[in-house]
Amino acid sequence: ESLYVVRTDGRVSDVVSSTCTHLGCPVRPAGQFFRCPCHGSTYTLDGQVVRGPAPKSLPRYELTVTEEYLEIRLS
Ligand code: FES
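Within every chain, residues take consecutive numbers counted from 1 along the sequence as written. Totals for whole chains, interfaces and linings use every residue, but because this is a predicted model, local features are given only for residues with pLDDT of at least 70 and side-chain atom pairs only at 80 or more, for both listing and counting. To obtain the side-chain values, all non-hydrogen atoms of the structure were included, while hydrogens and water were left out.

Considerations on the overall build of the chain
For the chain, the helix and strand inventory stands at zero helices and eight strands. Overall, the chain shows an N-to-C arrangement of helices and strands of β-β-β-β-β-β-β-β. Radius of gyration means the value over C-alpha atoms here, while the globule rule gives 2.2 Å times the residue count to the 0.38 power. The C-alpha radius of gyration of the chain comes to 12 Å, within 12% of the 11 Å expected for a compact globule of 75 residues. Note on exposure labels: buried denotes an accessible area under 20% of the residue type's maximum, exposed denotes more than 50%, and partly exposed covers the range between, all computed with a 1.4 Å probe on protein chains only. By the burial criterion, 28% of the 75 residues in the chain qualify as buried. Across the chain, every contact between residues at least 6 apart in sequence was considered, and the portion connecting residues at least 24 apart equals 33%. Each accessible area is a Shrake-Rupley estimate made with a 1.4 Å probe; only the visible protein chains count as cover when residues are assessed. With the model as given, the accessible surface of the chain reaches about 4900 Å², and the carbon-plus-sulfur share is 49%. Side chains of the chain give 8 positive and 8 negative charges; the mean places of these two sets differ by 11 Å. Runs of H or I in DSSP of at least four residues are treated as helices and runs of E of at least two as strands, each being numbered from the N terminus. Pairs of residues are marked as contacts when any of their non-hydrogen atoms sit within 4.5 Å. This count recognises Lys and Arg as positive and Asp and Glu as negative, with His and chain-terminal groups excluded. To locate a charge, the coordinates of NZ of Lys, CZ of Arg, CG of Asp or CD of Glu are taken.

Regarding the side chain of T44
Here T44 is to be found in strand β5 (residues 42-44). Polar contacts, as counted here, are pairs of nitrogen or oxygen atoms within 3.5 Å of one another; within protein the pair requires one atom able to donate a hydrogen and one able to accept it, and residues that are adjacent in sequence qualify only if both atoms are side-chain atoms. There is a polar contact of 2.5 Å between the side chain of T44 and the side chain of D46. In contact with T44, other than residues within four places in its own chain, are Q32, F33, F34 and V50.

Here is the structure:
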């Protein structure tokens, strides 16, 4: 499993799982979306479903950004 660290306007904005909530294929970036190659589910860059069959959003991880580091809380 991997995570995407999303940048918006050059700043880190979100961390989301790359695992599709339908049947677990890895989603891939596609412009302003993530798209699942298996059955076509599409998510916004902050993980919301815009096209099924995915039943729910990509899990998001809490993020702290400072000048020196990023902290990503995995649970
Ligand atoms: Fe992603 Fe089915 S596994 S749409």
